[in-house]
Amino acid sequence: MEKIVINGGIRLKGEIQVSGAKNAAVAILPAVLLCDGVCRIENIPAISDVNVIVRILYELGATVKVINDNTVEIDPKHINSYVLSSEMSSKMRASSYFIGAMLGRFKRARVAPPGGCDFGVRPIDQHIKGFEALGATVTIDNGMVNARAKELVGSSIYLDKVSVGATVNIILAAVKAKGLTIIENAAREPHIVDLANFLNSMGANIMGAGTDVIKIRGVDTLHGTTYSIIPDQIEAGTYMIAAAISGGELMITNVIPKHLESISAKLIEAGVTVEEFDEAVLVRSNGRPKACNVLTMPHPGFPTDMQPQMTAFLALSDGVSVMTEGVWDNRFRYVDQLTLMGAKIKVDGKVAIITGVENFIAAPVKATDLRAGAAMVLAGLATNGTTEIENVEFIDRGYDNIVEKLSAVGANIRRVEFIESGIIRSVI
Ligand code: EPZ
């Protein structure tokens, strides 16, 4: 079993380069299914969620050429299956995107329910609402989502809830449908814009991505393309907090500052210095954070995927902060782990009351999901002593080389493999 082991209390200093956006990559890769040519995709993050999707494409029959850790060329021509087994589908949430992509290509899809981080119920009713509006029949039997359509015809769809996944899936199903599709109350995340730009680079006709009304005029074919994925706003935000929580200073490069606006604003409110450049942000700690209140909301609000990391930071503040989770029903499971390190946080449903403490106490803790794992790494960086974090596979789902990137700016952090006989072998 692998753990991440951190000897914290070191002020980080230096430069960290952000990788491509996980949530853009896991939407763009299934979209390749809709293409009639070869797609070269660059700036892909080297993370396990991406590896799973590329493996799924390969197993469906695509020709995959791995150019390097961050670049693949995919030819979907020989894909001849619209069935995705539970074995692969259950590994992540984004496997649900194969429903929209397969529907868009084959007018058929048979996909096992998606997996993903456990924040309580993660329904796909809005995805299904969109598919049915386009003319598909969707049934669920033996735990498989079956979608089929004689033809897909453009329609107007109002999302009852702002949903990244439903917005992505409806775009994938609509991009080759007949006529105009309008998605209202659409998600506005940067990864939605990146998907639309990718599809438009193949000849799609998508307008309004990034706003809450997206129009998709169906086209007959999509040609091959070369496309580079946007930088990951959540990875960037995580390292911004790494600078602040360690009392250090980091230049974080390969970012789009506009995507970080809500994160920068909250860090500045907490007393952190954030300086913006064209493709970088400089983040400098000014000592103990000031308490402040945070409400997570769909973009352009404060991202829910930054909630655990920000909570870990505010747990060391000079006062009482209120963190309100505006997207998920149950995204505070990690608080028990922070409490093991001495945090004083009281959770009541979707609200956490965070009473700042001066220091955390090093302790063995667990990553309860991807972003919770990142929060435990941040807490370990701020703590004198040795913090051991289990379930690192959660962290590897969404962070490209996190140990190497933090080591390069001074962190004493390594992967350690614990084997049966209890012998410890440092992996990195
Ligand atoms: C995406 O999940 C992200 N995952 C999540 O990031 C992120 O937390 C979430 O969007 C919100 O930004 C990927 O992009 C792979 P939603 P998704 O559909 O699409 C409800 C990470 O850490 N809802 O926007 O599953 C839902 O229950 C991950 O990178 C319905 O009610 O999220 C939730 O309350 C974790 N019916 C809200 O909408 C539906 O049909 C937002 O969910 C769909 C969603």
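Calculation rules
- Residues numbered from 1 in each chain as written.
- Predicted model: local features only at pLDDT ≥ 70, side-chain atom pairs only at ≥ 80, totals over all residues.
- Heavy atoms only, no water.
- Helix = DSSP H or I, 4+ residues; strand = E, 2+ residues; numbered from the N terminus.
- Polar contact = N/O pair within 3.5 Å; in protein donor to acceptor, adjacent residues only side chain to side chain.
- Contact = heavy atoms within 4.5 Å.
- Pairing = 2+ DSSP bridges.
- Axes fitted to C-alpha atoms, helices over the stretch in contact; angles between N-to-C directions.
- Near = heavy atom within 4 Å.
- Areas by Shrake-Rupley, 256 points an atom, 1.4 Å probe, with all protein chains shown as cover.
- Nonpolar A, V, L, I, M, F, W, Y, C, P; charged D, E, K, R; others polar.
- Buried < 20%, exposed > 50% of the residue type's maximum accessible area, 1.4 Å probe, protein only.
- Parallel < 35°, antiparallel > 145°, perpendicular 65-115°, else oblique.
- Left-handed = near helix turned anticlockwise from the far one by under 90°.
- Right-handed = clockwise from strand over helix to strand, strands pointing away.
- Phe/Tyr/Trp six-rings, centres within 6.5 Å; stacked < 30°, edge-to-face > 60°.

### Considerations on the side chain of Lys176
Link 1 in the chain: Its place among the elements puts Lys176 in the loop between α6 (164–174) and β11 (180–184).
Link 2 in the chain: At 3.0 Å, the side chain of Lys176 and the backbone oxygen of Leu34 are in polar contact.
Link 3 in the chain: Those residues within four positions of Lys176 in sequence are excluded, and the remaining contacts are Leu34, Asp36, Gly104, Gly218, Val219, Asp220, Thr221 and Leu222.

### A short note on the sheet that holds strand β19 (residues 320–325)
Link 1 in the chain: The four strands are arranged β18-β19-β21-β20 in an open sheet whose pairing can be described as mixed. Edge positions in the open sheet fall to β18 (294–296) and β20 (344–348), since each of these has one partner strand only. The sheet shows a mean angle of 15° between the axes of neighbouring strands, direction not considered.
Link 2 in the chain: Sheet topology note: the β20/strand β21 (residues 351–355) ladder contains five bridges and is antiparallel. Bridged to Ile345 within β21 is Ile354.

### Let's talk about the site of the ligand
Link 1 in the chain: Taken together, 25 residues form the shell around the ligand, and within it Asp125, Ser163, Val164, Asp305 and Val327 come nearest.
Link 2 in the chain: The contact in question runs from an oxygen atom of the ligand to an N or O atom on the side chain of Arg371, over 2.8 Å.
Link 3 in the chain: Compared with its free state, where it exposes 820 Å², the ligand has 94% of that area covered by protein.
Link 4 in the chain: Mapped by element, the contributors of at least two residues to the shell around the ligand are α1 (22–31), α5 (125–133), α6 and α12 (370–381).
Link 5 in the chain: A breakdown of the residues in the shell around the ligand according to their chemical character gives eleven nonpolar, six polar and eight charged.

### Considering unusual backbone geometry
Link 1 in the chain: Residue Pro300 is reached from His299 by a cis peptide bond, and omega for that bond is 10°.
Link 2 in the chain: When you line up the elements, Pro300 lands in the loop between β18 and α10 (307–314).
Link 3 in the chain: Positive phi outside glycine occurs at Asn391, with the angle close to 60°.
Link 4 in the chain: One can find Asn391 in the loop between β23 (385–390) and α13 (392–396).
Link 5 in the chain: In this structure, Asn401 takes a positive phi of about 60° despite not being glycine.
Link 6 in the chain: Position of Asn401 among the secondary structure elements: in the loop between α13 and α14 (402–407).
Link 7 in the chain: Residue class for Asn401 comes out partly exposed when judged on its relative accessible area of 39%.

### Here's the deal with the packing of helix α8 (residues 233–245) against helix α9 (residues 261–269)
Relative orientation and spacing of two packed helices are given, respectively, by the angle between their axes and the distance between those axes.
Link 1 in the chain: For the pair α8 and α9, interaxial distance at closest approach is 10 Å and the crossing angle is 15°. For the element pair α8 / α9, the angle class is roughly parallel. Pair α8 / α9 crosses with right-handed handedness. The segment α8 lies against α9, with Gln233, Gly237, Met240 and Ile241 engaging Ile263, Ser264 and Leu267.
Link 2 in the chain: A per-class count over the contact of α8 with α9 returns four nonpolar, three polar and no charged.

### So, the pairing of β19
Link 1 in the chain: Where burial is concerned, the two faces of β19 differ: the one with Ser321, Met323 and Glu325 is buried and the one with Val320, Val322 and Thr324 is not.
Link 2 in the chain: Relative to β19, β18 runs parallel, the two sharing three bridges. Among the inter-strand pairings, Thr296 is bridged to a residue of β19, identified as Glu325.
Link 3 in the chain: A crossover connection joins β18 to the parallel β19 through α10; in handedness this β-α-β unit is right-handed.
Link 4 in the chain: Of the strand pairs in this sheet, β19 and β21 are connected by five bridges, and their pairing is antiparallel. The residue bridging Ser321 from the neighbouring strand is Ile354, located in β21.

### Notes on the packing of aromatic side chains
Link 1 in the chain: With the rule as written, the count across this model stands at three aromatic pairs.
Link 2 in the chain: Between Tyr82 and Phe106 the ring centres are 6.4 Å apart and the planes differ by 55°, which places this aromatic pair in the tilted class. Placement of the pair is Tyr82 in the loop between β5 (71–75) and β6 (83–84) and Phe106 in helix α4 (residues 97–106), with a sequence separation of 24 residues.
Link 3 in the chain: For the ring pair Phe198 and Tyr227, a centre distance of 5.6 Å and an interplane angle of 70° mean the geometry is edge-to-face. Taken together, the residues Phe198 in helix α7 (residues 190–201) and Tyr227 in strand β14 (residues 225–228) connect sequence positions 29 residues apart.
Link 4 in the chain: Under the relative-accessibility criterion, Phe198 is labelled buried at 0%.

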